[in-house]
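The primary structure of each chain is shown beneath.
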Amino acid sequence: MKRKCPICNKPLPEEAHFCLYCFHDFNEAEEIEDNNKIVKISLLKKLKQNKKALILIAVILILLLGVATACGIHYSGINTDNKTSQTENNQKHAVSEITNDDGSVITTYDDGSIETVKTDGTVITQEADGTVVTEKSDGTVITQKTDGTVVTEEPNGTIVTEKPDGTVITEKPDGTTVVTQKPTEATSENESTSGNTDEPSTETPSSDYSDIPINYDDFEFEYKGKYLYITKYTGKDKIVRVPYSYNGDYVYWIETFAFNSNSNIEKIIFEAPPDSAPPIVDSKAILYCSNLKSVVFNWNNIIPENNPNYLSIRNFASQCRSLTDIQVINCDKYKVYENGLYYYDKNKEGYVLYYLCEGANISEWHMPEWCVDVSSVCANNSNIKRVYANPYSEYYLNKYCSRYLEALYIDDDNEFYFDDNGVVYNKVLKQLQFFSNVADIKEYTILDGYEFNPYAGLNGAEDVNPNLEILHIPKNSGFNQNYLNKYFTSSKSNLKTIYIEEGHPNIDFINENFKGEIIIY
């Protein structure tokens, strides 16, 4: 007997479990008539009544499972063989391994790479092509490429790429990308520590300070030839008004150390006669006045024809770490701009920085694009850690550097100098000439073709950097033996390891004089 599908009414075999036409499922219990009674038979019972069918289905399933398993094993075996082969081909083998006294392990591999594992978990790998990868224990990975690009991968997923042209690309985990440029001058008027394209302010304070008395007895005067000098101030006033005349003669010169080691003075006011040139303020006329905060030049524009530099007030103060304010009144030869005193030099056709306040609380100084030269920048300002110089070529590094400076950045258009992340090279002399003695530089590689000669031309700035631990010397680079020897002998030096390329002409000097670890690669 044949059944009919209750859905589409098509004839079906009695043992069918679903309709071959509309695919209706008969997984529900079926009904049969038995002695005029309706009896429900479960699907499970029906299946038991068809054991042969069950056995056949089971055999088919087992065969299919076996085929699938065999195929999977075969495919897996192929992949495993490929991966094993690929791993063996890419694997590098250690050539030598050295353990330092500090516990760090240095391994040299047959592909030319060198791996240093420090006790704090930091791993530094120098690839054969010159790429240096630093993996810190906190998960930070820093890759320094040979073209100068530095890529920092932070644990939070942020990736920062610093390119040699100063471009900084920051890729954040949320997918946003920020592109900035290493500044050579201010890009925003809100950046209080940076210069911009605006010229110095010409605003003149309203007060002429005539209400402040002059205490002549607090000054020592001396005639040198026919000229009257102020040689010393002996008073204790907080605000000092300096006389421009005495006994009917105009003061010609304010001598060096006239204001020396006076902790009472907070403000000094220099003045000029209305019909004559102002006094010359000598270099370091003000010295070690620890509480001096403000200096005012109530000047005029009268300049003798035979002395065009009569208005010179260059480095008038030194070691005055509280000085933050300079004012110039009634004199368009000088301008004050962001803690700096600028003088217009007609021969150079631009403004020259003559003095930068030693108490200025700024971490950076940006040379304005309208500034053509500097007398000095930050020799005694301990706050300034970074200086950005513009492309102007007529300057010397000692005008920009101090023992507090961490980095000096040179505009890319400068024809004499360039910087490698704040380390300055002389293009003409092929020398590394500024290597900060305070910057946190633990490892450094001398650029190919240049000589390591730090502090060349920098007056008195010959200290070693106590942070430098590892120095790389490529075969085509060099070093000044006297300067490098300071790192070998100074008690401040922590130089532990020198990597020097095989074939370097001065390997013998290193072997004979350096007591630390020497690795020839």
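The model shown is predicted, which means the values in this text are computed figures rather than measured ones.

Q: I'd like to hear about unusual backbone geometry, residue by residue, with values.
A: Of note in this structure, K284 is not a glycine but carries a positive phi near 60 degrees. Checked against the element boundaries, K284 lands in the loop between β22 (280-281) and β23 (286-287). Despite not being glycine, E349 has its phi angle at roughly 55 degrees, a positive value. Tracing the sequence through the fold places E349 in the loop between β28 (340-345) and β29 (350-356). Here E349 falls in the exposed class, since its relative accessible area comes to 64%.

Q: Describe in detail the sheet that holds strand β36 (residues 431-434), supporting the description with residues and values.
A: What the 5 strands build is an open sheet, ordered β34-β35-β36-β38-β40; its pairing is mixed. At either end of the open sheet lies a strand with only one pairing partner, and these are β34 (417-420) and β40 (478-479). Of the strand pairs in this sheet, strand β38 (residues 451-452) and β40 are connected by 2 bridges, and their pairing is parallel. Bridged to F452 within β40 is F479.

Q: Explain helix α3 (residues 481-489) residue by residue, including any values.
A: Among all positions of α3, only Y483, L484, Y487 and F488 are buried. Projected down its long axis, α3 carries its buried residues within an arc of 160 degrees, all on one side. Along α3, exposed side chains directed more than 90 degrees from the buried face belong to N482 and T489. Turning to α3, the residues buried within the fold contact β38, β39 (470-473), β40, β41 (497-500) and α4 (507-513). Residue N480 occupies the N-cap position of α3, its side-chain oxygen lying 3.0 Å from the main-chain nitrogen of N482.

Q: If you had to explain the environment of Y400 to someone new, which residues and values would you point to?
A: Within the fold, Y400 resides in the loop between β32 (386-389) and β33 (407-410). By relative accessible area, Y400 is classed as buried at 0%. Taking the C-alpha atoms as reference, Y400 lies 6.2 Å from S376; in sequence the two are 24 residues apart.

Q: Any chance you could break down the sheet that holds strand β27 (residues 334-337) for me, citing the residues and the numbers?
A: Strand order in the open sheet made by the 4 strands is β27-β28-β29-β31, with mixed pairing throughout. The open sheet terminates on both sides in strands that have one partner only, identified here as β27 and β31 (371-374). On average, each strand axis in the sheet is tilted by 35 degrees relative to the strand beside it, whichever way the strands run.

Q: Tell me about empty space enclosed by the protein, residues and numbers included.
A: Taken as a whole and judged by the stated rule, the model has 5 cavities of 30 Å³ or more. Of the volumes computed, that of the second largest cavity is approximately 40 Å³. Lining the second largest cavity we find I114, T116, I124, Q126, E443, H472 and Y499. Residue assignment for the lining of the second largest cavity shows that the elements contributing at least two residues are β7 (114-117) and β8 (123-126). Considering only residue class, the lining of the second largest cavity consists of 3 nonpolar, 3 polar and 1 charged.

Conventions used here
- Residues numbered from 1 in each chain as written.
- Predicted model: local features only at pLDDT ≥ 70, side-chain atom pairs only at ≥ 80, totals over all residues.
- Heavy atoms only, no water.
- Helix = DSSP H or I, 4+ residues; strand = E, 2+ residues; numbered from the N terminus.
- Buried < 20%, exposed > 50% of the residue type's maximum accessible area, 1.4 Å probe, protein only.
- Pairing = 2+ DSSP bridges.
- Arc of directions from axis to C-beta.
- Contact = heavy atoms within 4.5 Å.
- Polar contact = N/O pair within 3.5 Å; in protein donor to acceptor, adjacent residues only side chain to side chain.
- Axes fitted to C-alpha atoms, helices over the stretch in contact; angles between N-to-C directions.
- 1 Å grid on protein atoms, 1.4 Å probe; cavity = no way out; pocket = protein on both sides within 12 Å on 5 of 7 lines; lining within 4 Å.
- Points joined across faces, edges and corners; volume = space filled by probe spheres on them.
- Nonpolar A, V, L, I, M, F, W, Y, C, P; charged D, E, K, R; others polar.

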